[in-house]
Amino acid sequence: MDQRWKPRDVVPAVLASVLLPFATHMMQRFGGRWSGGGRWADDTPGWIDGTDRMLDVWGIALIVVAGVALLWRRRSPVAALGVVVAAITAYLWIDYPYGPQMLIVLVAVYSMAAHRPLRISAVAAALAGLVLISHLLAPASSGLESVSGLAVAWFVVAFTIGVAVRTLRESRTRARQEVLRQHLDSERLSLSRDVHDVVGHGLAAINMQAKVALRSVDRDDDHGRRRVRESLEAISTSSAAALDELRAVLARIPGDGAAEAPRQPNPGLADVPVLADRLERTGLRILVRDVGDPTGLPPVQDLAAYRVAQEALTNALRHGDGTTAVDVVITSGPDAVVLEVSNGVGERGSHGGGLGIPGMRDRVAAAGGTLQIDPGPPRFVVRATFPTEETT
């Protein structure tokens, strides 16, 4: 916790300790007398509340003590209120005059209500109020009931304002926490989708390449040995690429203070040909075409488009017919960039199971695009549309 005094703590304490004794003295010297009948009587110069004691060094000392206590009005508001009430109550019992020194009490009550829970502040305020009005029991306090009633009214107003300020501050804090929670949930969901895409794609490619190697391992000829070697090399390449992507995804998780590896740039549509080349080593035929002048997408949309291509190609590897080529068409227009991935519908399963398609749909929507799925037959088509920056 920062123990340094802040201007908002020091300024009220200094003003209360320096200006209020002077103001009280000036009001006592030039003001009129408050008569028991509830009217100002100017025939007795030097008084403002009907007491018989002039403000002296002891009265000034009590005001200064109460003012200095405001230094702790934010750190220990209940203790600060206790010191203020004790000093001002002693001031009133000694029959010093009412005056602007009562503002110190109001500031202390407000601070306590603004920085402590309602139950604690209500009890503390009630006790402080009872202690303050105890000076009415003094013999010299006759005729001050009206002034005391006005002071109690301001006491309640200060307490109410403090409670309102604390309630507003807490509501704003809860709103900020809710926004932060939603942001963290969104980031966790984004991380889980990326991990799903990277791991799912990598394992699917490795699985297919391993099957090719297993079919060729029993062939005792140059062709079989070459196919095994090619498959193992493809497995090594695919696993290395998947690990690199996974490290890039996990690098987004905040570290524990240790040195973090440099983050790699996120992949985008420009990396789709490299992705297709890796998958072609499994035997899958992929045709990648660019239509129109390439239009740069914002990073969020570019990454979303790449993940859609990655998931769609992975699904084609798992569920496609394995005979027809997979078409990847990237169309760049003046209003939008459209990614379309289509493959023949096979009998090895359905594209619609699992989290792949819902994940693609949510990812595209989060990037401001739209996703269309045409399950076919004869071809399963995934079409993602991202508005260009000029139209968003």
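Nothing here was measured: the structure is a model prediction, and the numbers come from that model.

Caption draft 1: Seen up close, the pattern of salt bridges. All chains considered together, the criterion is met by 4 salt bridges. Of the charged contacts, one joins Arg166 and Glu170 as a salt bridge, the two residues approaching to 3.3 Å between their closest N and O atoms. Here the residue Arg166 and the residue Glu170 both occupy positions in helix α6 (residues 145-217), the gap between them amounting to 4 residues, near one helical turn. Glu170 sits in the partly exposed class, given a relative accessible area of 35%. With its nearest N and O atoms 2.6 Å apart, the salt bridge here joins Glu178 to Arg181. Taken together, the positions of Glu178 and Arg181, both in helix α6 and 3 residues apart, correspond to about one turn of that helix. Accessibility expressed as a relative area gives 33% for Glu178, which makes it partly exposed. A relative accessible area of 41% means that Arg181 is categorised as partly exposed.

Caption draft 2: Highlighting the sheet that holds strand β4 (residues 326-332). With mixed pairing, the 5 strands of this open sheet are ordered in space as β3-β4-β5-β7-β6. Two strands lie at the open edges of the sheet, namely β3 (286-291) and β6 (370-374), each paired on one side alone. Averaged over neighbouring strand pairs, the angle between their axes works out to 10° when direction is ignored. Bridging between strand β5 (residues 336-344) and strand β7 (residues 379-387) involves 9 bridges; their strand directions are antiparallel. The partner of Ser342 across the bridge, within β7, is Val381. The strands touched by helix α8 (residues 272-280) are β3 and β4; relative to β3, the strand with the most contacts, the crossing angle is about 165°.

Caption draft 3: View of the packing of helix α3 (residues 77-93) against helix α4 (residues 102-115). Relative orientation of the contacting elements α3 and α4 amounts to 160°, with a least axis distance of 9 Å. Between α3 and α4, the angle falls in the class roughly antiparallel. With respect to the hand of their crossing, α3 and α4 are arranged in left-handed fashion. Contacts between α3 and α4 involve Pro77, Val78, Leu81, Val84 and Ile88 on the former and, on the latter, Met102, Ile104, Val105, Ala108, Val109, Ser111, Met112 and His115. Split into classes, the residues belonging to the contact of α3 with α4 amount to 11 nonpolar, 2 polar and no charged.

The rules we used
Residues numbered from 1 in each chain as written. Predicted model: local features only at pLDDT ≥ 70, side-chain atom pairs only at ≥ 80, totals over all residues. Heavy atoms only, no water. Salt bridge = Lys/Arg side-chain N within 4 Å of Asp/Glu carboxyl O. Helix = DSSP H or I, 4+ residues; strand = E, 2+ residues; numbered from the N terminus. Buried < 20%, exposed > 50% of the residue type's maximum accessible area, 1.4 Å probe, protein only. Pairing = 2+ DSSP bridges. Axes fitted to C-alpha atoms, helices over the stretch in contact; angles between N-to-C directions. Contact = heavy atoms within 4.5 Å. Parallel < 35°, antiparallel > 145°, perpendicular 65-115°, else oblique. Left-handed = near helix turned anticlockwise from the far one by under 90°. Nonpolar A, V, L, I, M, F, W, Y, C, P; charged D, E, K, R; others polar.

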